[in-house]
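Letter by letter, the chains look like this.
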Amino acid sequence: TVFCFKSNGIQADNKNQFKISILTIGEGSDLVDAFGHSAIRVRNLNKTIDEVFNFGVYDFNAPNFILNFIKGRPQYKLDTESYFDFTQKYIYEERYIIEQELNLDKNSTNQIIKLLSENLKEPNYTYDYLKDNCATRVADIIVVRLNNIFNEKSLYNLDKNDEINSQSNYTFRKLIHSKISENTWGALGIDICLGAIIDKDISLRETFFLPEYIMNFLTDFENKNSNLVTKKIIYEPLNRTRYSENIPSPLFVISFLSIIFIIISIIDFKNANWTKLMDYIIFGFTGLIGILVIYLWFFSNHFAGSQNYNFLWAFPLNIILIYNISKKNIPKWTISYIKFLIILIILLFLHWITGVQKYNISLLPLFIALIFRYLFLINHINKIKNENLYKKR
C-alpha cells in the first residue's frame, strides 16, 4: 500500500509510488536564519503530488504565543506546502538548496509517509532550539530510522560521542560559533543567555540540531552505500550567505567603553574624585543582565539557559548598590560586597580556564575594567570613611 495526499493527511492509494528526500537549506544573513533549515520532500513518480513537510512553522494562533515564547515554550507545528513554493522563497533569498533522495524499499517509504501523516494531525510541539527543532524532527523521522533500517549501529552509534562518531569534541557552543562568528552581537547575546550546559561534549545525534550535520551524515551514508542516497543540488548561489552584521563589533565597542571606564577611574583616583554616574551605569547594567540570567536559569523552560555562570560578572543584586552609593553615608557592608564581586570575577576566570563555561571573548575587556573599577571603589570608599571618622574625632 502507498499513499496520496489529502487535506487532513495522507490516504491509501495503490496507483502511486512515492520517493522521499531530505531538503537542506543554507544559512541566511539574518540571525533567525543563521543555522539553515531542514524539511522532507514527498513526491510520486508522475509528479502529481510534490509536497514538502516543514516542522519549522510558527503557530501564531496558539494560546499565549508571546508569553510562551518568553518562557521558552514557543509553539511550532508541522505543515505542508508545495515543493515549488517552498524552494522559490529560498532561491529568492539566495540560500543553497540541496536534496538527498533516499532509495528506500516500498515498505520503509510507506512507514515514513505514515509517520509524517500522523505528525501532521498531532497538535503543536514545544520548540527547543537545540533539542527539538525543525532539523531534529527530520532527523528523528528519517536519519535515526534510516540508521536502524540498515543496521549500521556498529558504525553509527548516534547517541554516543566517541572516536568513531566525533573527532573534535563537539559542543553546542562550538557548533553555534561555527555558524555565527563569536565576535558578533548575535553570538554575544547567545553566550550571555546560554550556560555551561552547552559546553559539554555532545553525541553525533545531538549535532543534528544543525541541518548541515544531517546533510553530512547522509553524505557519509552515500559514500558507504552508493545506492542508498542520491544527492542533487537544487540551487547554488554564486556566493553562499552567512549571518553578518553591518555595525561595529562587540569586541570593538566593549573594548572602547572599557578603556573609558579605566581612564575615568585613573582620573578619579588622581583627583580624589568620584564619577558616580559611571557606577550607576555599571551596577544597573550588570544587575539587569544578572536578573535575566537567573530568570532563564530558574524560571524559564530554556534548557540551555541552565548552569549559566555569567552571573559571576553580572550579579543581580548589583542594582542595590545604586541606592547604596547614592547615599551620603555609605553602608559599611558596601566595601565587603565589592570585594565579593572581585572574587566572583576571579572565579569566573577559573571557570573559563578549566572549561567549566566558555565566555564570549568580547567580554574580556569588560571583566578587566570591572576589576579595575571595583579596586578604585574599595580604595575611594575607604578614604571617605576614614575622613568621616577623622572629622568626628
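Think of each chain on its own: its residues are numbered from 1, step by step along the sequence as written. Predicted model: local features are reported for residues with pLDDT of at least 70 only, side-chain atom pairs are reported and counted for 80 or more only, and whole-chain, interface and lining totals are derived from all residues. The side-chain values count all of the structure's non-hydrogen atoms but skip hydrogen atoms and water molecules.

Draft legend 1. Quick peek at the pairing of strand β5 (residues 50–58). Any two strands with at least two DSSP-identified bridges between them are counted as paired. Secondary structure counts use DSSP, requiring at least four H or I residues in a row for a helix and at least two E residues in a row for a strand, with both numbered from the N terminus. The sheet contact formed by strand β4 (residues 37–44) and β5 spans four bridges and is antiparallel. Counterpart to Val-42 in the pairing with β5 is Glu-51. Adjacent in sequence and paired antiparallel, β4 and β5 are bridged by five residues, among which Lys-47 carries a positive phi angle near 60 degrees. Note: β5 against strand β6 (residues 75–82), six bridges, orientation antiparallel. Among the inter-strand pairings, Tyr-58 is bridged to a residue of β6, identified as Tyr-76.

Draft legend 2. Region of the structure containing the layout of surface pockets. A 1.4 Å probe that fits but cannot get out identifies a cavity on a 1 Å grid over protein atoms alone, an open set with protein on both sides within 12 Å along at least five of seven lines counts as a pocket, and a residue lines either if it has an atom within 4 Å of a point. Grid points are joined across faces, edges and corners, and a volume is the space filled by probe spheres set on the points. Estimates place the volume of the largest pocket at around 1,200 Å³. If you go around the largest pocket, you meet 40 residues; those closest to its centre are Val-32, Phe-35, Tyr-76, Tyr-127 and Tyr-129. Those elements that provide at least two residues to the lining of the largest pocket are β5, α1 (65–70), α2 (83–92), α6 (185–193) and α9 (276–299). A per-element tally of the lining of the largest pocket places β5 first, with four residues.

Draft legend 3. Structural view of the packing of helix α10 (residues 318–326) against helix α11 (residues 333–354). With axes taken as lines fitted to C-alpha atoms, and helix axes fitted only over the stretch in contact, angles between N-to-C directions fall between 0 and 180 degrees. As a packed pair, α10 and α11 sit with axes 11 Å apart at the nearest point and diverge in direction by 145 degrees. As α10 packs across α11, the resulting crossing turns out to be left-handed. Contacts from Asn-318, Ile-320, Leu-321 and Asn-324 of α10 reach α11 at Trp-333, Thr-334, Tyr-337, Ile-338 and Leu-341. A breakdown of the residues in the contact of α10 with α11 according to their chemical character gives six nonpolar, three polar and no charged. Crossings are classed by handedness, with left-handed meaning an anticlockwise turn of the near helix from the far one by less than a right angle and right-handed meaning a clockwise turn. The criterion used for residue contact is that any of the two residues' heavy atoms lie within 4.5 Å. Three classes are used, and their members are as follows: Ala, Val, Leu, Ile, Met, Phe, Trp, Tyr, Cys and Pro are nonpolar, Asp, Glu, Lys and Arg are charged, and the others, Gly among them, are polar.

Draft legend 4. Focus on a nonpolar patch on the surface. Nonpolar side chains (Val, Leu, Ile, Met, Phe, Trp, Tyr) are joined into patches within 5 Å and like charges within 9 Å, using only residues with over 30% relative accessible area and no salt bridge. Areas reported as accessible are Shrake-Rupley estimates using a 1.4 Å probe. Residue values count occlusion only from the protein chains shown. The term salt bridge refers to a side-chain nitrogen of Lys or Arg lying within 4 Å of a carboxyl oxygen of Asp or Glu. On the surface, Phe-256, Leu-257 and Ile-260 cluster together into a nonpolar patch covering about 260 Å² of accessible area. Checked against the element boundaries, Ile-260 lands in helix α8 (residues 250–271). Of the residues examined, Ile-260 reaches a relative accessible area of 31% and is grouped as partly exposed. Each residue is assigned to one of three classes by its accessible area relative to the maximum for its type, calculated with a 1.4 Å probe on protein chains only: buried under 20%, partly exposed between the two thresholds, exposed over 50%.

Draft legend 5. Molecular detail of the nonpolar core. As used here, the term nonpolar core means buried Ala, Val, Leu, Ile, Met, Phe, Trp, Tyr and Cys residues forming a set that is joined through side-chain atoms within 4.5 Å. If you look at the biggest cluster of nonpolar residues, it comprises 50 residues, and the most contacted ones within it are Ile-40 and Ile-142. Take this core: its biggest share by element is eight residues, from helix α4 (residues 134–149). Those residues in contact with Ile-142 that lie beyond four places of it in its chain are Ile-20, Ile-22, Ile-40, Leu-102 and Ile-112. Grouped together as the second largest cluster of nonpolar side chains are 38 residues, Trp-313, Tyr-359, Phe-376 and Leu-377 included.

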